[in-house]
Amino acid sequence: MDLQKLLRSLRVWDPEFTELRSLEPGSVPDGPVELFGAWLSEAVAAGQVEAHTMSLATTDAEGLPDARIVMLHGADEEHGWAFASHSGSAKGQQLAAQPHAALVFYWPVHGRQVRVRGSVATAPATEAQADLHARSTGALSSALTGHQSEPLGSLEELAEASRAAWRRAELEPTAAVPSWTLYHLRPDTVEFFQGDAQRRHIRLVYRREAEGWSRQLLWP
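Per chain, residues are indexed from 1 in the order of the written sequence. Per-residue local features are limited, in this predicted model, to residues with pLDDT of at least 70; the limit for side-chain atom pairs, both in listing and counting, is 80 or more; totals at the level of whole chains, interfaces and linings are taken over all residues. Remark: hydrogens and water are excluded; side-chain values derive from all non-hydrogen atoms of the structure.

Caption draft 1: The packing of aromatic side chains, seen in detail. Note on aromatic pairs: the rings of Phe, Tyr and Trp (six-membered ring only in Trp) are paired at centre separations within 6.5 Å, and the planes decide the class, stacked below 30 degrees, edge-to-face beyond 60, tilted for the rest. Per the stated rule, a full pass over the model turns up 8 aromatic pairs. For the ring pair Phe 36 and Trp 81, a centre distance of 5.3 Å and an interplane angle of 75° mean the geometry is edge-to-face. Of the two residues, Phe 36 sits in helix H2 (residues 32–45) while Trp 81 sits in strand S4 (residues 80–86), which places them 45 residues apart along the sequence. Using a relative accessible area of 0% as the deciding quantity, one classes Trp 81 as buried. Runs of E in the DSSP output that reach at least two residues are strands. Runs of H or I that reach at least four are helices, and both are numbered from the N terminus. Exposure classes here rest on a 1.4 Å probe applied to the protein chains alone. A residue is buried below 20% of its type maximum, exposed above 50%, and partly exposed in between.

Have a look at this one:
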């Protein structure tokens, strides 16, 4: 496979699949969560696959960046953007040592990105368990399997542990998973990016101030 040839053949925002939208800076809400909710809803309505997934970036003990895809569990003005994981996972340990993170959402159906940066705090354990039990049996079984980010001896070991966790999740739909943690990222900045066919992309950033949010345009 010629990787460079493949890369040059790929298109960004193919009109067959993408409808570039507009962003009017003068008519946006005072806070970022309302605009985020509107963009997410529009992406879902347009058929964007897994619109609720996002990249989560953290830093390790050496200050090196780390990133992975996780699922959004909620967003509001008081707590910010929510996601969950085991406290002993790589991201859980990194957040415990460096409680700051960044999120990126990408919705190519409309040529949009949202970038969120800020501090991270953990929700009370009762909220974390309620969040877990509101999800699917598969999500609970995965949490019950545990050992996230630990070395795995074999796929057979994983299959055996997973089968046992599925059985328990079906029998105990409210089984507690003490390591399951709900995180809230309270943003300092939230940037909305709207792509443009002429590359005159619109970047609007919300910044948290003492009295609320300020808004500013950035060069693309």
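Caption draft 2: Summary view of the layout of surface pockets. The space that makes up the largest pocket amounts to roughly 540 Å³. In terms of lining residues, the largest pocket is bounded by 25 residues, among which His 86, Ser 142, Gly 146, His 147 and Gln 148 are the most central. Put simply, the parts of the chain that give the lining of the largest pocket at least two residues each are strand S2 (65–71), S4, helix H5 (137–145) and helix H6 (155–171). Of the residues contributing to the lining of the largest pocket, the split by class is 12 nonpolar, 8 polar and 5 charged. Only protein atoms enter the calculation, which uses a 1 Å grid: trapped sets of points that fit a 1.4 Å probe without letting it out are cavities, open sets showing protein on both sides within 12 Å along at least five of seven lines are pockets, and any residue with an atom within 4 Å of a point is a lining residue. Grid points are joined across faces, edges and corners, and a volume is the space filled by probe spheres set on the points. All amino acids are sorted into three groups, where Ala, Val, Leu, Ile, Met, Phe, Trp, Tyr, Cys and Pro are nonpolar, Asp, Glu, Lys and Arg are charged, and the leftover types, Gly among them, are polar.

Caption draft 3: Structural detail: the pairing of S4. With 7 of 7 residues buried, S4 lies mostly within the body of the structure. For strand S3 (residues 74–76) and S4, the ladder comprises 3 bridges, and the chain directions are antiparallel. Looking across to S4, one finds that Gly 74 is bridged to Ala 82. Hairpin remark: S3 followed by S4, antiparallel, with 3 residues in the connecting loop. In this description, strands pair whenever DSSP reports at least two bridges between them. Relative to strand S7 (residues 180–194), S4 is paired through 6 bridges, and the arrangement is antiparallel. What sits directly across from Ala 84, in S7, is Leu 182.

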